[in-house]
Structures are given as structure tokens and as C-alpha cells.
Amino acid sequence: MNLPSEGYSGGVPEFPLPRPKAREKALWRLIWTYPQAVAWAREPWRWETVAMYVRWKVRAELADATAADATAMRQLGDQVGLTPAGLKENGWCIAVDEVGQARTVAAEKVAPAPPSAPVRRLRSMPGGGA
């Protein structure tokens, strides 16, 4: 499945785990803008696993996080397609926005260079003073 590089713009489901922290809610909203969310939106059975990824990622961000916390986060990231290995495992590919890239390149070629700031020179004072 090709996922759009511009990401997902649909609705964000409610966080499915109990007692979410503010950081979990913020990260949940953020990852629902990722291209992978297009696939998740079609697979509600996967939402709890995505939420577990969010919970473990928040835990792994803490100063006292352990290697086990980071491992759990990475493994869940693989399952939900948030890593290159996970994209491959799920059969997903993030499509390149070739039209958008061409538009950017064309705009850069057409756009005039910004005017340079005038150069100001100081005159030296007679007798060598500043």
C-alpha cells in the first residue's frame, strides 16, 4: 500500500488506553498526522497497539528510561509501521510527492533572488580619527 507523503488529515480517534497523560495525548494527535495513519484509519483493530507505542515512547523519553523501555518502543514501532523495517513488514511504502517536488523546483527557478542589502561604507575622518 502506498501511503501519501503529505500524511493523514482525517479525524483522530480517542486515545484507547486508560488514564492518558498530557504528553501521550499530544503525541497521539501528532502521530495521526503521519502517512501511516492513513492505513491505521482503515484498521481500527490496530489502534490499541498504536496507543501502546505512544505510551512506551513517552516512557522511553524519561530521564530514568531503561534499555527495555526503548526496546519495547522500537518493537511496537515496527508493528505499527513507524520504522523502515515496520513499513516493509506491513507492505507499506510512503509515496514520493513528485508533483509537489516538481512545483518546488520550478518555483525556485522562477523566483527572483531577494535584493541584497545596500553596502554602507564609513568615511575616514581627516587626520586619522574615527
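Everything that follows concerns the structure shown earlier in this document.
A quick note: this is a predicted structure, and the numbers were derived from the prediction, not measured.

> What should I look at first to understand the overall build of the chain in this one?
The number of helices and strands found in the chain is 6 helices and 2 strands. Along the chain, helices (α) and strands (β) appear in the sequence β-α-α-α-α-α-β-α when read from the amino end. Sorting the 130 residues of the chain into buried and exposed places 28% on the buried side. For the chain, the computed accessible surface area is about 9200 Å², with 57% contributed by carbon and sulfur atoms.

> Help me out: how do you make sense of the environment of Pro 35 in this one?
With respect to the helices and strands, the residue Pro 35 is situated in the loop between helix 1 (22–31) and helix 2 (36–42). Taking the C-alpha atoms as reference, Pro 35 lies 5.5 Å from Leu 3; in sequence the two are 32 residues apart. Ignoring sequence-local partners within four residues, the contact set of Pro 35 consists of Leu 3, Pro 4, Ser 5, Gly 7 and Ile 94.

> Looking at this model, I keep getting lost on the side chain of Gln 36. Mind explaining?
Of note, Gln 36 is situated in helix 2. On the accessibility criterion, Gln 36 (6% relative accessible area) is buried. Not counting chain neighbours up to four residues away, the residues in contact with Gln 36 comprise Leu 3, Val 80, Gly 81, Leu 82, Leu 87, Trp 92 and Ile 94.

> Help me understand the pattern of salt bridges in this model?
Oppositely charged side chains are able to pair whenever their charged atoms sit close together. Taken as a whole and judged by the stated rule, the model has 5 salt bridges. Note that Arg 55 is salt-bridged to Glu 24, the shortest N-O span being 2.8 Å. On the criterion of sequence distance, the pair formed by Arg 55 in helix 3 (residues 47–60) and Glu 24 in helix 1 is long-range, its members being 31 residues apart. A cluster of three or more residues bridged by salt bridges with shared partners is formed by Arg 23, Lys 57 and Glu 61.

> How do you make sense of the packing of helix 3 against helix 4 (residues 67–79) when you look at a structure like this?
Two numbers describe a pair of packed helices, the interaxial angle and the distance between the axes. Close contact between helix 3 and helix 4 brings their axes to 8 Å; oriented N to C, the two are set at 150°. In terms of orientation, helix 3 and helix 4 fall into the roughly antiparallel class. For the crossing formed where helix 3 meets helix 4, the hand is left-handed. Between helix 3, through Thr 49, Met 52, Tyr 53, Trp 56, Lys 57, Arg 59 and Ala 60, and helix 4, the contact on the second element is made entirely by Asp 69, Ala 70, Ala 72, Met 73, Leu 76, Gly 77 and Gln 79.

> Could you clarify how one ought to interpret the nonpolar core in this entry?
Inside soluble globular proteins, nonpolar side chains tend to come together where they are buried. Core analysis: the biggest nonpolar cluster contains 21 residues, and Trp 28, Ile 31, Trp 32, Trp 40 and Val 54 have the highest contact counts within it. Among the secondary structure elements, those contributing two or more residues to this core are helix 1, helix 2 and helix 3. Sort the elements by how many residues they give to this core and helix 3 lands first, with 5 residues. Residues contacting Trp 28, with those up to four places away along its chain left out, are Val 12, Pro 13, Glu 14, Phe 15, Pro 16, Trp 47, Val 50, Ala 51 and Val 54.

> Quick question: what am I supposed to make of the packing of aromatic side chains here?
Within a pair of aromatic rings, the relevant descriptors are the distance that separates the centres and the angle that separates the planes. Considering all chains together, one arrives at 5 aromatic pairs under this definition. By way of ring pairs, the aromatic residues Tyr 8, Phe 15, Trp 28, Trp 32, Trp 40 and Trp 47 are connected into one cluster. Lying over the aromatic face of Trp 56, Arg 59 brings its terminal NZ or CZ to 4.4 Å of the ring centre.

Analysis parameters
- Residues numbered from 1 in each chain as written.
- Predicted model: local features only at pLDDT ≥ 70, side-chain atom pairs only at ≥ 80, totals over all residues.
- Heavy atoms only, no water.
- Helix = DSSP H or I, 4+ residues; strand = E, 2+ residues; numbered from the N terminus.
- Buried < 20%, exposed > 50% of the residue type's maximum accessible area, 1.4 Å probe, protein only.
- Areas by Shrake-Rupley, 256 points an atom, 1.4 Å probe, with all protein chains shown as cover.
- Contact = heavy atoms within 4.5 Å.
- Salt bridge = Lys/Arg side-chain N within 4 Å of Asp/Glu carboxyl O.
- Axes fitted to C-alpha atoms, helices over the stretch in contact; angles between N-to-C directions.
- Parallel < 35°, antiparallel > 145°, perpendicular 65-115°, else oblique.
- Left-handed = near helix turned anticlockwise from the far one by under 90°.
- Core = buried A, V, L, I, M, F, W, Y, C linked by side-chain atoms within 4.5 Å.
- Phe/Tyr/Trp six-rings, centres within 6.5 Å; stacked < 30°, edge-to-face > 60°.
- Lys NZ or Arg CZ within 6 Å of the ring centre and 35° of its normal.

Any functional reading would require information beyond the geometric quantities listed.
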